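Architecture and fold: a report
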Amino acid sequence: MEDFSLPQDALFLGFDSSTQSLKATVLDANLKIVTSEIVNFDSELPHYKTKDGVYRDPSINGRIVSPTLMWVEALDLLLQRLEKSNFDFGTIAAVSGSGQQHGSVYWKYGSSLKLSSLDPKKPLVGQLSDAFSTKESPIWMDSSTTEQCKAIEKAVGGAIELAKLTGSRAHERYTGPQIRRIFEKTPEVYRNTERISLVSSFMGSLFIGDYACIDQTDGAGMNLMDIEHRTWSKIALEATAIGLEDKLGELAPAHAVSGFISPYFVERFGFNKNCLVVHWTGDNPNSLAGLTLNSPGDLAISLGTSDTVFGISTRHQPSLDGHVFPNPVDTKSYMVMLVYKNGSLTREDIRNRYADKSWEVFNTFLQQTPPLNGGKIGFYYKEHEILPPLPGLYYSLGIFCSKLITIKFI
């Protein structure tokens, strides 16, 4: 590629494509925030009729998906808002972002041509309305693939063998079991699929006008990648679906350049034609990079829609409970992580039940309770929990406790 020396006033546009919203943040070279915008899916795109950014399928236990086009329309809306604020897109030197991990998008045959020939006079959402072989994307909250997880683990020699190979045992939310379920339950969707993207590579694809590679770090959250060699695992692929490698494309390092920004964005919004698109990756790996964890023993806690604990290791030590990914910024080390599904959504549910849907009221009640809560402990699982694997019910030591004690629990 050409020389990528940057002007002094260069800015950088980053996105966070999460479960409940899409956020854009512009930074300068000193990492100072220049501007930001956010689109909340439920309140600002109500015609998709999501709750917490998702659909919970009442007919299939544990099935949780999001409408793929909602993410596209959110990007349209976000960029329009920045444009209306008179933001100069021509100052952006590079674009990248993070996506909720494990979620998958199924591009219909012929969609690469759609991506490369978008009309800059029209929004994305209308032009991509028929680009997907299924309009619903399985996401990380889904727990409907227990049968597929067992089959994949059996095919590779057991759960610990799969963890050795890919970094994790088979988990219901992981993309491999999700793909196998589609392959088994809706084979016509699988047959009509030209490319399978993660949420991260899907969003990156929109920006380069072509199918973006899945990056090696987010790719480790699929039960499909050989984590030692950072290539697709033939054994795992064969255990998942026929002809899968062709639908996945190539893997790329998380920190690598995906390409130049699509002419669509140059003509519609005024981006510089030399603006780079760096591979998007998962939200948790990007959190590790953003917090600059760089030494074994460094540890961070992230309290989000799910709660995670992650750190750095120099060795890949397989576990049946945790997860291992390649470090997104250091090719010689690994990211290790524990995930708890019941994070902010469960906390918000308790807030809504006991504190009038107000964090101010919640905090007032919290301050009225003594430290250690009188020795009482509570466990709250609104959704099917990952660690430990338990169904979505509320548990507490001392059920029917007062609202103050319950708030202290959570």
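For the structure itself, look to the data block above.
Not measured: the values here are computed from a predicted model. (Residues numbered from 1 in each chain as written. Predicted model: local features only at pLDDT ≥ 70, side-chain atom pairs only at ≥ 80, totals over all residues. Heavy atoms only, no water.)

Attention now moves to helix H2 (residues 68–84). Under the 1.5 Å per step criterion, the end-to-end length of H2 is 25 Å for 17 residues, consistent within 8% with the ideal 24 Å. Burial analysis of H2 places 12 of its 17 residues in the buried class, the great majority of the element. All of the buried residues along H2 are Thr 68, Leu 69, Met 70, Trp 71, Val 72, Glu 73, Ala 74, Leu 75, Asp 76, Leu 78, Leu 79 and Leu 82. Two residues or fewer past H2, Asn 86 is found with a positive phi of approximately 65°. (Helix = DSSP H or I, 4+ residues; strand = E, 2+ residues; numbered from the N terminus. Expected span 1.5 Å × (residues − 1). Buried < 20%, exposed > 50% of the residue type's maximum accessible area, 1.4 Å probe, protein only.)

At their nearest, the axes of helix H15 (residues 344–354) and helix H16 (residues 359–367) sit 9 Å apart, and the two run at 85° to each other. The orientation of H15 relative to H16 falls into the category roughly perpendicular. Along the contact surface, H15 presents Arg 347, Glu 348, Arg 351 and Tyr 354, while H16 presents Trp 359, Phe 362 and Phe 365. (Axes fitted to C-alpha atoms, helices over the stretch in contact; angles between N-to-C directions. Parallel < 35°, antiparallel > 145°, perpendicular 65-115°, else oblique. Contact = heavy atoms within 4.5 Å.)

For the coordinates displayed, the defined rule picks out 1 cavity of 30 Å³ or more. If you add up the space inside the largest cavity, you get close to 30 Å³. Every residue along the wall of the largest cavity is listed here: Ser 200, Ser 201, Gly 204, Ala 212, Cys 213, Ser 258, Val 277, Val 278, His 279 and Trp 280. At the level of elements, helix H9 (199–208) and strand E15 (276–278) are the ones that each hand at least two residues to the lining of the largest cavity. A total of 3 residues in the lining of the largest cavity trace back to one element, the largest contributor, which is H9. (1 Å grid on protein atoms, 1.4 Å probe; cavity = no way out; pocket = protein on both sides within 12 Å on 5 of 7 lines; lining within 4 Å. Points joined across faces, edges and corners; volume = space filled by probe spheres on them.)

Along the chain, Met 335 turns up in strand E20 (residues 334–340). On the basis of relative accessibility, which here comes to 0%, the residue Met 335 falls in the buried class. The spatial distance from the C-alpha of Met 335 to the C-alpha of Gly 311 is 5.8 Å, given a sequence separation of 24 residues.

Okay, the layout of surface pockets next. Taken as a whole, the largest pocket spans an internal volume of roughly 780 Å³. Contributing to the lining of the largest pocket are 28 residues, with Gly 14, Leu 27, Ser 96, Gly 97 and Asn 286 lying nearest its centre. Its residues assigned to classes, the lining of the largest pocket shows 15 nonpolar, 11 polar and 2 charged. (Nonpolar A, V, L, I, M, F, W, Y, C, P; charged D, E, K, R; others polar.)

The next point concerns the pattern of salt bridges. Summed over all chains, the structure comprises 14 salt bridges. Across the salt bridge formed by Arg 347 and Asp 307, the nearest N and O atoms sit 2.8 Å from each other. Here Asp 307 lies in strand E18 (residues 307–313) and Arg 347 lies in helix H15, a separation of 40 residues in the sequence. Here Arg 347 and Asp 307 have matching classes, each one buried. Notably, a salt bridge pairs Glu 383 with Lys 382, separated by 3.9 Å at the nearest N-O pair. Overall, the relative accessible area of 10% leaves Glu 383 in the buried class. By relative accessible area, Lys 382 is classed as partly exposed at 29%. Salt bridges sharing partners connect three or more residues here, namely Lys 51, Asp 52, Arg 56, Lys 382 and Glu 383. (Salt bridge = Lys/Arg side-chain N within 4 Å of Asp/Glu carboxyl O.)

Let us look at the nonpolar core. Grouped together as the largest cluster of nonpolar side chains are 53 residues, with contacts concentrated most on Phe 15 and Phe 271. When residues of this core are traced back to their parent elements, those giving at least two are strand E1 (11–17), strand E2 (21–28), H2, strand E6 (92–99), strand E7 (104–108), H9 and helix H13 (263–269). Take this core: its biggest share by element is 9 residues, from H2. With 30 residues, the next largest nonpolar core counts Leu 288, Leu 293, Phe 310 and Val 339 among its residues. (Core = buried A, V, L, I, M, F, W, Y, C linked by side-chain atoms within 4.5 Å.)

Moving on, we get to the environment of Thr 314. Along the chain, Thr 314 falls in the loop between E18 and strand E19 (323–326). It is 8.8 Å that separates the C-alpha atoms of Thr 314 and Ser 295, two residues lying 19 residues apart in sequence. Non-local contacts of Thr 314, meaning those with residues more than four positions away in its chain, are made with Pro 296, Lys 332 and Tyr 334.

Our next topic: the sheet that holds E20. With antiparallel pairing, the 4 strands of this open sheet are ordered in space as E17-E18-E20-E19. The open sheet is flanked by strand E17 (299–303) and E19, the only strands paired with a single partner. Taken over all neighbouring pairs, the strand axes of this sheet differ in orientation by 25° on average, direction set aside. Both E18 and E20 contribute to a ladder of 7 bridges, which runs antiparallel. (Pairing = 2+ DSSP bridges.)

Geometry only, nothing functional implied.
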